[in-house]
Amino acid sequence: MKEDEFFQERQRLKEQILSAREQHAKDTPRQSGQRLSQRDGGTPDLGRLMDIPVRLSLEVGGAELAIRDILALQQGEVVELDREAGEALDVLVNGKLIARGEVVVVDDRLGVRLTEVISPSERLQSMN
């Protein structure tokens, strides 16, 4: 699927989901504590999307440097980042923030322990 087709399909699915949620909200009074799995109908089948690979990355921090400063960097130099030691890392999926976490070591490999997961509504807003 070409990139523009992917974005068109993504937009169509987002619109379909939002429409279904609006219709469901009109048809059914929301009960507190009602689980998503207990709601019936209205939502599209997203199974086709579940096997699409995405890129998960961790952002430790960043720095803004002039090109001349980047070209002058040498081995052993330290670049100061905009985060403090011990501050949570950003967990990104395809460049979009989905969670925050901390680095852990598991069997001599690095991993991330999620300490905060961004709410689905906030994630949808960041896609726009």
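This text gives an overview of the structure that appears in the document. (Residues numbered from 1 in each chain as written. Predicted model: local features only at pLDDT ≥ 70, side-chain atom pairs only at ≥ 80, totals over all residues. Heavy atoms only, no water.)

Digging into the side chain of Asp90
Okay, step 1: Structurally, Asp90 is set in strand E2 (residues 89-93).
Okay, step 2: A relative accessible area of 11% means that Asp90 is categorised as buried.
Okay, step 3: Among all residues touching Asp90, those that are not within four sequence positions of it are Ser57, Leu58, Glu59, Arg83, Leu97, Ala99 and Arg100. (Helix = DSSP H or I, 4+ residues; strand = E, 2+ residues; numbered from the N terminus. Buried < 20%, exposed > 50% of the residue type's maximum accessible area, 1.4 Å probe, protein only. Contact = heavy atoms within 4.5 Å.)

Thoughts on the pairing of strand E4 (residues 109-117)
Okay, step 1: Relative to E4, strand E3 (residues 96-106) runs antiparallel, the two being bridged by 8 bridges. Bridge pairing links Gly101 to Leu114 in E4.
Okay, step 2: Here E3 folds back onto E4 in antiparallel fashion, the turn holding 2 residues, of which Asp107 has a positive phi close to 50°. (Pairing = 2+ DSSP bridges.)

Some remarks on unusual backbone geometry
Okay, step 1: The backbone of Asn94 shows a phi angle near 50°, a positive value even though the residue is not glycine.
Okay, step 2: Mapped onto the fold, Asn94 is located in the loop between E2 and E3.
Okay, step 3: The phi dihedral of Asp107 falls on the positive side, at around 50°, and the residue is not glycine.
Okay, step 4: Residue class for Asp107 comes out exposed when judged on its relative accessible area of 72%.

A word on a nonpolar patch on the surface
Okay, step 1: Together, Val60, Leu65, Ile70, Leu73, Val79 and Leu81 make up a nonpolar patch on the protein surface, roughly 460 Å² of accessible area in all.
Okay, step 2: Here Val60 lies in the loop between strand E1 (56-59) and helix H2 (67-71). (Patch = residues over 30% accessible without salt bridge, like charges linked within 9 Å, V, L, I, M, F, W, Y side chains within 5 Å. Areas by Shrake-Rupley, 256 points an atom, 1.4 Å probe, with all protein chains shown as cover. Salt bridge = Lys/Arg side-chain N within 4 Å of Asp/Glu carboxyl O.)

Quick look at the sheet that holds E1
Okay, step 1: Overall, antiparallel pairing links the 4 strands, which are arranged E1-E2-E3-E4 in an open sheet. In this open sheet, the two edge strands, each paired with only one partner strand, are E1 and E4. Recorded for the sheet is a direction-independent mean angle of 45° between the axes of neighbouring strands.
Okay, step 2: As paired elements, E2 and E3 share 5 bridges and run antiparallel to each other. In the sheet register, Leu92 faces E3, and the bridge partner there is Leu97. (Axes fitted to C-alpha atoms, helices over the stretch in contact; angles between N-to-C directions.)

What to know about the pattern of salt bridges
Okay, step 1: Summed over the entire model, instances satisfying the criterion amount to 4 salt bridges.
Okay, step 2: Of the charged contacts in the structure, one is a salt bridge between Asp90 and Arg83, with a shortest N-O distance of 2.5 Å.
Okay, step 3: The closest approach of N and O atoms between Glu102 and Arg113, which form a salt bridge, is 2.8 Å. Of this pair, Glu102 sits in strand E3 while Arg113 sits in strand E4, and the two are 11 residues apart along the sequence.
Okay, step 4: Under the relative-accessibility criterion, Glu102 is labelled partly exposed at 35%.
Okay, step 5: For Arg113, a relative accessible area of 46% translates into the label partly exposed.

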